[in-house]
Amino acid sequence: MINCLGSLFQSVDKVYTLLFLSILLYEVIKMLTIRENNFRNEEQYITIDSLVPKNHLVRKIENAINFEFIYDEVKDLYSPLGAPSIDPVVLIKIVLIQYLFGIPSMRQTIKDIEVNVAYRWFLGYSLTEKIPHFSTFNKNYERRFKDTDLFEVIFKKILAQATLNGFIDSSNIFIDSTHIKASANKKKYNKIEVDIQAKKYQDMLDKEINEDRLKHGKKPLAKPDLSVKKKQQIESKTDKDSGMFFKNEKEKCFAYLSHTACDKNNFILDFHITPGNIHDSVAFSDLYKKLKQNIKHPISAIAIDAGYITPYICKTLLDDNIIPAIPYKRPMTKQGYFKKYEYVYDEFYDCYLCPNNKILKYLTTNRDGYREYKSNAYDCKNCIYVKKCTNSKTNQKILTRHIWQDYIEEANHLRYKTEVKKIYQKRKETIERVFADAKEKHGMRYTKLRGLQKIKMEVSLIFSCMNLKKLANWIWRDTFGLVRRTTILMNFHIFYLYIIKMVPFILVIGTICLQTEVNIKNDIHLY
């Protein structure tokens, strides 16, 4: 019996080896063919529509959205008199082609449109019709579109269409920023004096500071000096709207920052453009305000990185019943000194205990919203840990605690929950992926334009194209009931087509295999 099974396995193994070799030979052995016919000068009767593949991206986009809303947005920008203008929808479609397919310049875009049948079909142009000059869009932007919200309307219209189709899931939002290299030499700059801007929440903070001081038996702070303070700032000689962005200690450049929010499906929900020297936490309030105005569905959580962990941001989110999904942030303490978390805060007595179990008592609440806790000089003078605690000449340790510190501690507490961890881990698949695609596929790594308004226009168009591309693909797949097919089904589909293609070739091999199986059965019967 054992000999019978061994012989069976050897025979089956030979069959499948033979089948594998036949497939390999099919792919390798192909006859050399030389094309002799030349149809370059042949005349044919065709339509431009028949030359565009049925699954081309421009067809999907044309099926996904109607661009006629642009006429209503620009009708007041054109005069009823004068020479006929270029169709405004055509102008917008030309620049959409540039950013959809990552073409580096408008000049190259026009050259590509001239020879690309699909692009001509998208614009509604014939094979011989002259394409507008590459400077046409720029002239129309300067004369008509510059101070309008046309590009923002296009972005919102595409996003509204995605929402209408049920593709937007705003329950969890992912926020981050990325820099866009400005068209400016980092070595050509001036140092100028600029006004220090007050915090946008300064009035609310001042009110709570005075309440906290009264609670501790202190007088309210006097009104601050109204004279505006100055600070030194680096300004580019080439692009004055850009800001010096420091990537690390050694690398820097003039840049803009795109503060962006997206959902879990990678649809960009909104964005805010600032110079490269504006911190993420400063720009957050403007972006968050836009999100609250435009998103009608409730938001359950917002994933942010360490640059956004401030008392005000944590307070804002938690007060709105939104979970801040934040990462671990290392303490910013000098090496060799006690970390701040090694000092224990006693909420009941409102004091701190140092590692040597000595009390740091409340001293005051300053204008920045921080409570100050100070140690006893006598206790510190004779302490064995004084060198690890402070380098003060008076041998006294001062700790600060923001009046909104409880919100940061609550956010850190939520950070350990499994659901919050999963939300934060999605950042690499959502907002980071959005930035990667924008830079690698749509030309957002650097800009050739100058001025904040032009950068806003460019980013609006890039993000509009990214949303439009995803929207068009998903609608097209839904048309055939194929949206978000599983990998298994896709692999099966490919394998099925491959087998159908090879059927004529393997019929002979299949006959040989069948004959071999008959021989195996005969051998078994003999055993």
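See the structure above.
Residues numbered from 1 in each chain as written. Predicted model: local features only at pLDDT ≥ 70, side-chain atom pairs only at ≥ 80, totals over all residues. Heavy atoms only, no water.

Student: I'd like to hear about helix 5 (residues 88–100), residue by residue, with values.
Tutor: Given a rise of 1.5 Å per residue, 13 residues ought to cover 18 Å, and the 18 Å separating the end C-alpha atoms of helix 5 matches this to within 8%. Judged by how many residues are buried, helix 5 sits mostly within the fold: 13 of 13 residues are covered. Between a side-chain oxygen at the N-terminus of helix 5 and the backbone nitrogen of Val-89 the separation is 2.9 Å; the capping residue is Asp-87. Phi turns positive one or two residues past the end of helix 5, at Gly-102, with a value near 65°. (Helix = DSSP H or I, 4+ residues; strand = E, 2+ residues; numbered from the N terminus. Expected span 1.5 Å × (residues − 1). Buried < 20%, exposed > 50% of the residue type's maximum accessible area, 1.4 Å probe, protein only. Polar contact = N/O pair within 3.5 Å; in protein donor to acceptor, adjacent residues only side chain to side chain.)

Student: Could you give an account of empty space enclosed by the protein, naming the residues involved and the relevant values?
Tutor: Scanning all chains against the criterion turns up 3 cavities of 30 Å³ or more. Cys-354, Cys-380, Cys-383, Cys-389 and Lys-397 are the residues nearest the centre of the largest cavity, which is lined by 16 residues in total. The residue inventory of the lining of the largest cavity, partitioned by class, reads 10 nonpolar, 3 polar and 3 charged. (1 Å grid on protein atoms, 1.4 Å probe; cavity = no way out; pocket = protein on both sides within 12 Å on 5 of 7 lines; lining within 4 Å. Points joined across faces, edges and corners; volume = space filled by probe spheres on them. Nonpolar A, V, L, I, M, F, W, Y, C, P; charged D, E, K, R; others polar.)

Student: Please provide a residue-by-residue account of the pairing of strand 5 (residues 252–262), values included.
Tutor: Summarising burial for strand 5: 10 of the 11 residues are buried, a large majority. In this structure, strand 1 (residues 172–181) lies alongside strand 5, joined through 8 bridges in antiparallel fashion. Note on strand 5: the bridge partner recorded for Ile-180 is Tyr-256. Sheet analysis places strand 4 (residues 243–246) next to strand 5, joined by 4 bridges and oriented antiparallel. Residue pairing for strand 5: Phe-246 is matched across the bridge by Lys-252. Of the pairings in the sheet, the one linking strand 5 to strand 6 (residues 268–275) comprises 7 bridges and is antiparallel in character. Residue pairing across strands places Cys-262 opposite Ile-268, the latter belonging to strand 6. Hairpin connection of strand 5 to strand 6: 5 residues between the antiparallel strands, including Asn-266 at a positive phi of 70°. (Pairing = 2+ DSSP bridges.)

Student: Can you lay out the sheet that holds strand 13 (residues 398–402) for me, pointing to particular residues and giving the numbers?
Tutor: Where strands meet in a sheet, backbone hydrogen bonds hold them as pairs that are either parallel or antiparallel. On the basis of which strands lie adjacent, the open sheet formed by 5 strands has the order 9-10-11-12-13 and antiparallel pairing. Single-partner strands in this sheet number two, and they are strand 9 (344–346) and strand 13. Across the sheet, the mean angle separating the axes of adjacent strands is 35° when strand polarity is ignored. Alignment of strand 12 (residues 370–374) against strand 13, held across 5 bridges, turns out to be antiparallel. The residue bridging Tyr-373 from the neighbouring strand is Leu-399, located in strand 13. Of the strands in this sheet, strand 11 (359–365), strand 12 and strand 13 touch helix 10 (residues 202–215), which is tilted by about 125° from strand 11. (Axes fitted to C-alpha atoms, helices over the stretch in contact; angles between N-to-C directions. Contact = heavy atoms within 4.5 Å.)

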